[in-house]
Protein chains: 2
Amino acid sequence: MNDLSPTATRILDVAQDLIQKSGYNAISFNHIAEGVGIKKPSIVHHFPNKAALGRAVVVRYRETFTVALDSVQADPTKNALDVLALYFKPYTDIANTREKICLCGALAGEFMALPEEMKEEVASFFKQHLQWLRSILQAGKDDGVLGFCGPADAMAKLIFDALQGGLIVARATDEDGHLNGVIDELIKNIRPA
Amino acid sequence: MNDLSPTATRILDVAQDLIQKSGYNAISFNHIAEGVGIKKPSIVHHFPNKAALGRAVVVRYRETFTVALDSVQADPTKNALDVLALYFKPYTDIANTREKICLCGALAGEFMALPEEMKEEVASFFKQHLQWLRSILQAGKDDGVLGFCGPADAMAKLIFDALQGGLIVARATDEDGHLNGVIDELIKNIRPA
DNA sequence: GTCTATACAAAGATAGAC
DNA sequence: GTCTATCTTTGTATAGAC
């Protein structure tokens, strides 16, 4: 899945950066080309149209997380709280940029104006993360490391939605430490009583 | 603040509906004009440009909530849990449309691509709701109706971000009852132990 | 207050030279 | 693989008639 030319990779890099900042509909081939340092038609040589490029960005983003989630989950030396701390890290990294949010959070904000092939990828990203969180939470509850109330599924939704919403609200309000406050509060609510 | 002509009001109605579905950058005067049943240049007669129209939509949205929040908070017959239940109602209503999210949630997703005057209004909306929630939560904790852990400010952020994120994730995944599950989980975590 | 007509820029996309 | 040139559509905005 990594059979991408160096230029194609840089196009995806720039496109992802711009989408995380401004969304999909606000950006154009020209903006991306300028960031890469090439001209508009050169992009079409690597990706046939804007929707295909947009989809490729999400596919790569999703795969990066898939690998990371799997490897973290498979580590037997880490308990559920350790695993969750690792999961939160990319979110705080994004929040620290002050200009970006989650790629899929940005796209989901303009969901009804996305090409069909992008909608599917964004939805898959969300479902994948929700399922992964549910699995981690359930395991943590089973062995007593976690002690939240209610089913793991509901807490997974609360955590994931709070992270996505947290990034969006934090960027707009530009309040220092907003997301960290949310994460701390989440951790307080999943610890055993 | 309600000195708007009937046509101007309908323009705001249609524009708000479209933004909640598709965002600000995905829509145009043509889309709005079509929804209202007038021609493109007629919109400019009511709002000088797109940014002014966008700002007017957010200002009106914000004012509607301001009135509602104040009246709910001022009702002495309702305790903090009742007040929060009323606060959640508009969110579940939006989720039930299956196509919309919070107006300001949609705009915040493309925040860096918004005109400056819209950024300010969106930020104010978020800060206003966060402050209101903090106030309600603190009052509920003080008189024992609520029993969450940590400061009211952190729980206010968690609740608000989860609602905003919940709308976004619910629409993209199209899962029935997603937001209700999040709200139930929130309520479980703010009740006294 | 709404319209037709138009100006002007930017968008996505294609053709073909190098 | 990248470019210039071009096509077509759509976007915001303006001018001026009704």
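Computed from a predicted model, the values in this text were never measured in an experiment. (Residues numbered from 1 in each chain as written. Chains lettered and ligands numbered in written order. Predicted model: local features only at pLDDT ≥ 70, side-chain atom pairs only at ≥ 80, totals over all residues. Heavy atoms only, no water.)

Caption draft 1: Seen up close, the relation of the copies chain B and chain A. Between chain B and chain A, the superposition needs a rotation of 180° and an axial shift of 0.0 Å, giving an RMSD of 0.0 Å. Such a combination of turn and shift is consistent with a two-fold rotation axis. When the interface residues of chain B are mapped onto chain A, 100% of them again fall at the interface, so both copies present the same face. (Least-squares fit on C-alpha atoms with pLDDT ≥ 70 in both. Contact = heavy atoms within 4.5 Å.)

Caption draft 2: Here's a closer look at the protein's contact with DNA strand C. Neighbouring residues of DNA strand C: 18 residues in total, closest Phe29(A), Lys50(A), Lys39(B), Ser42(B) and His46(B). Within the backbone of Lys50(A), one N or O atom sits 2.9 Å away from a phosphate oxygen of DNA strand C. Between a phosphate oxygen of DNA strand C and a side-chain N or O atom of His45(B), the distance comes to 3.2 Å. Of all the secondary structure elements, the ones that give two or more residues to the surface near DNA strand C are helix H2 (29-36) and helix H3 (40-46) of chain A together with helix H3 (40-46) of chain B. Sorting elements by how many residues they give to the surface near DNA strand C places H3(B) first, with four residues. For the surface near DNA strand C, a count of residues per class yields six nonpolar, nine polar and three charged. (Near = heavy atom within 4 Å. Polar contact = N/O pair within 3.5 Å; in protein donor to acceptor, adjacent residues only side chain to side chain. Helix = DSSP H or I, 4+ residues; strand = E, 2+ residues; numbered from the N terminus. Nonpolar A, V, L, I, M, F, W, Y, C, P; charged D, E, K, R; others polar.)

Caption draft 3: Fine view of the protein's contact with DNA strand D. Around DNA strand D lies a shell of 18 residues, among which Lys39(A), Ser42(A), His46(A), Phe29(B) and Lys40(B) are the nearest. Counting only the atoms of DNA strand D within 4 Å of the protein, the fraction contributed by sugar and phosphate is 64%. Measuring from a phosphate oxygen of DNA strand D, one finds a side-chain N or O atom of His45(A) at 2.9 Å. When contributions to the surface near DNA strand D are tallied by element, the ones reaching two or more residues are H3 of chain A together with helix H2 (29-36) and H3 of chain B. The biggest single contributor to the surface near DNA strand D is H3(A), with four residues. Per-class residue counts for the surface near DNA strand D are six nonpolar, nine polar and three charged.

Caption draft 4: Structural context of the packing of helix H4 (residues 50-74) of chain A against helix H5 (residues 80-97) of chain A. Residues and elements named next belong to chain A. H5 packs onto H4 with a crossing angle of 150° between their chain directions and a minimal axis gap of 9 Å. By the angle class used here, H4 and H5 are roughly antiparallel. The element H4 and its partner H5 pack so that their crossing is right-handed. For the pair H4 and H5, contact is made by Tyr 61, Phe 65, Leu 69 and Val 72 and by Val 83, Leu 86, Tyr 87, Pro 90 and Ile 94, respectively. Residues of the contact of H4 with H5, tallied by class, amount to nine nonpolar, no polar and no charged. (Axes fitted to C-alpha atoms, helices over the stretch in contact; angles between N-to-C directions. Parallel < 35°, antiparallel > 145°, perpendicular 65-115°, else oblique. Left-handed = near helix turned anticlockwise from the far one by under 90°.)

Caption draft 5: Structural view of the interface of chain B and chain A. Contacts between chain B and chain A engage 45 residues on the former and 45 residues on the latter. Counting across the chain B and chain A interface gives two salt bridges. Glu175(A) is the partner of Lys157(B) in a salt bridge, and the nearest nitrogen-oxygen pair spans 3.3 Å. For the pair chain B and chain A, the interface holds 10 residue pairs in polar contact (both at pLDDT 80 or more). Taken together, the elements giving at least two residues each to the side of chain B that touches chain A come down to helix H1 (6-22), helix H6 (103-109), helix H7 (116-142), helix H8 (152-173) and helix H9 (178-190) of chain B. In terms of residues, the side of chain B that touches chain A owes the most to one element, H8(B), which gives 15 residues. In terms of residue class, the side of chain B that touches chain A is made up of 23 nonpolar, 12 polar and 10 charged. (Salt bridge = Lys/Arg side-chain N within 4 Å of Asp/Glu carboxyl O.)

Caption draft 6: Up close: the state of the cysteines. For the structure on display, the rule yields zero disulfides over all chains. Just so you know, Cys149(A) is unpaired, no disulfide at all, and the nearest cysteine sulfur is the one on Cys149(B), 9.7 Å from it. Exposure remark for Cys149(B): the relative accessible area of 30% places this residue in the partly exposed category. (Disulfide = S-S within 2.5 Å. Buried < 20%, exposed > 50% of the residue type's maximum accessible area, 1.4 Å probe, protein only.)

Caption draft 7: Spotlight on the packing of aromatic side chains. Residues and elements named next belong to chain A. Under the criterion given, the structure shown has 16 aromatic pairs over all chains. Summarising the aromatic geometry, the rings of Tyr 87 and Tyr 91 are spaced 5.3 Å apart at their centres and angled 55° between planes, so their arrangement reads as tilted. Taken as a pair, Tyr 87 and Tyr 91 lie in helix H5 at a separation of four residues, close to a single helical turn. When its relative accessible area of 4% is taken as the criterion, Tyr 87 is described as buried. Take Tyr 91: its relative accessible area is 2%, and that puts it in the buried class. Within the aromatic cluster, the residues linked to one another by ring pairs are Tyr 61, Phe 65, Phe 125, Phe 126 and Phe 160. Seen from the ring of Tyr 24, Lys 50 lies directly overhead, with NZ or CZ sitting 4.3 Å from the centre. (Phe/Tyr/Trp six-rings, centres within 6.5 Å; stacked < 30°, edge-to-face > 60°. Lys NZ or Arg CZ within 6 Å of the ring centre and 35° of its normal.)

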